[in-house]
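Residue-level structural notes
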Amino acid sequence: AVTESWNGSAWTEVNDVNTARRGAGPAGTDNTSGLIFGGYTTDRIAITESWSGTSWTEVNDMSTTRFRPAGTGSFSNALAAAGQETGGGNTATSEEWDSARPVGAWTSANAMNTGRRQLAGGGSQTAGIAFGGENSGSANLANTEQYNGTSWTEVNDLNTARYLLGGAGVANTSAIAVGGEIDPGGNQALAETWNGSSWTEVSDLNDARSDMGASGTYNACLGFGGDTPPNTANTESWNGSSWTEVNNLNTARRTMGASSTS
């Protein structure tokens, strides 16, 4: 349930999540407001929590229990897409979060074209992007889809199909995909940036890893934690051309939720 906040140079432990979990979907634009949803405890869950900058508050559950969905948007207007449902099957369903309703509420939205789990995403509720992942046959996916606030459209694939990757970006016209796993092939250090029409391979992470967190923009990003193996606390900063190792997380971990555009 551990939560850590990044101030631009170091991580600080803050108040824990109410429900410890792995594989939650994240949303948020800074370290003073955020949202996590879904994940896995003893089974897939739908529990949603909102971050005020000092503490977590449980709000209304998602309509569909799911593990490892793509999450994006802000704490007040978030988007959840795909993931693994109770029973182990993948879903393509999407939901939109609106905090303006009493205690907030999730509303069903149009489904993605390809159901999957362990994917990554970026952007906003009305301009989202989701990419990579794994299908029910355990095949690596390179599929990329854009969301315009109403429907999902398939666009150009990642150069390297993978799952358990990190993703960040503030719109569906710019994003970054980092790390991940290929089966067979293991953990990856690969990074790719999205310009609104295609993916371009850029400089690799210093440490190959999967199941990592990522936040920021396509040209100013943090990548942290994950599985190397073992679990790592390593944090790397992306400046648009290269990765630099910076201060580590206080607690090494993987399968975490992460959000922020800064």
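Further up the page is the structure itself.
Residues numbered from 1 in each chain as written. Predicted model: local features only at pLDDT ≥ 70, side-chain atom pairs only at ≥ 80, totals over all residues. Heavy atoms only, no water.

Section: the sheet that holds strand S24 (residues 243–246)
What holds strands together in a sheet is hydrogen bonding between their backbones, with the strands either parallel or antiparallel. Heads up, the rule is: Paired strands are those between which DSSP finds at least two bridges. Strands here mean DSSP runs of E at least two residues long; helices mean DSSP runs of H or I at least four residues long; both are numbered from the N terminus. Note on geometry: axes are C-alpha line fits, over the in-contact stretch for helices, and angles between N-to-C directions span 0 to 180 degrees.
One open sheet accounts for 4 strands, arranged S21-S22-S23-S24; its pairing is antiparallel. Here the strands that pair on one side only, and so sit at the sheet edges, are strand S21 (213–217) and S24. On average, each strand axis in the sheet is tilted by 20° relative to the strand beside it, whichever way the strands run.

Topic: unusual backbone geometry
With an omega dihedral of -20°, the bond running from Thr228 to Pro229 counts as a cis peptide bond. When you line up the elements, Pro229 lands in the loop between strand S22 (220–224) and strand S23 (235–238). With an omega dihedral of 0°, the bond running from Pro229 to Pro230 counts as a cis peptide bond. Mapping Pro230 onto the fold places it in the loop between S22 and S23. Even without a glycine there, the phi angle at Arg68 is positive, about 55°. Of note in this structure, Leu164 is not a glycine but carries a positive phi near 55°. Among the structural elements, Leu164 can be located in the loop between strand S14 (152–155) and strand S15 (166–171).

Some points on the pairing of strand S5 (residues 48–51)
So the rule is basically this: A simple rule labels every residue: compare its accessible area, found with a 1.4 Å probe on the protein chains alone, to the largest value its type can have, and call it buried under 20%, exposed over 50%, or partly exposed in between.
With burial as the criterion, each face of S5 is covered, one bearing Thr48 and Ser50 and the other bearing Glu49 and Trp51. With 4 bridges connecting them, S5 and strand S6 (residues 56–59) associate as antiparallel partners. Residue pairing for S6: Ser50 is matched across the bridge by Thr57. Hairpin connection from S5 to S6: 4 residues lie between these consecutive antiparallel strands, with Gly53 at a positive phi of about 105°.

Quick word on the sheet that holds strand S4 (residues 33–37)
In spatial order, the strands read S3-S4-S5-S6; together these 4 strands make up an open sheet with antiparallel pairing. Single-partner strands in this sheet number two, and they are strand S3 (25–30) and S6. Across the sheet, the mean angle from the axis of one strand to that of its neighbour is 20°, orientation sign disregarded.

Examining the pattern of salt bridges
Heads up, the condition is: What counts as a salt bridge is simple: a side-chain nitrogen of Lys or Arg found within 4 Å of a carboxyl oxygen of Asp or Glu.
Enumeration according to the criterion identifies 11 salt bridges in this entry. With a shortest N-O distance of 2.3 Å, Asp211 and Arg68 are connected by a salt bridge. You can see Asp211 sitting in the loop between strand S20 (199–202) and S21 and its partner Arg68 sitting in the loop between S6 and strand S7 (70–73), a full 143 residues away along the chain. The exposure class of Asp211 is buried, given its relative accessible area of 8%. Accessibility expressed as a relative area gives 9% for Arg68, which makes it buried. Residue Arg209 is joined to Glu236 by a salt bridge in which the shortest nitrogen-to-oxygen separation is 2.8 Å. In this pair, Arg209 is assigned in the loop between S20 and S21 and Glu236 in strand S23, connecting sequence segments 27 residues apart. The pair Arg209 / Glu236 is uniform in exposure class, with both members buried.

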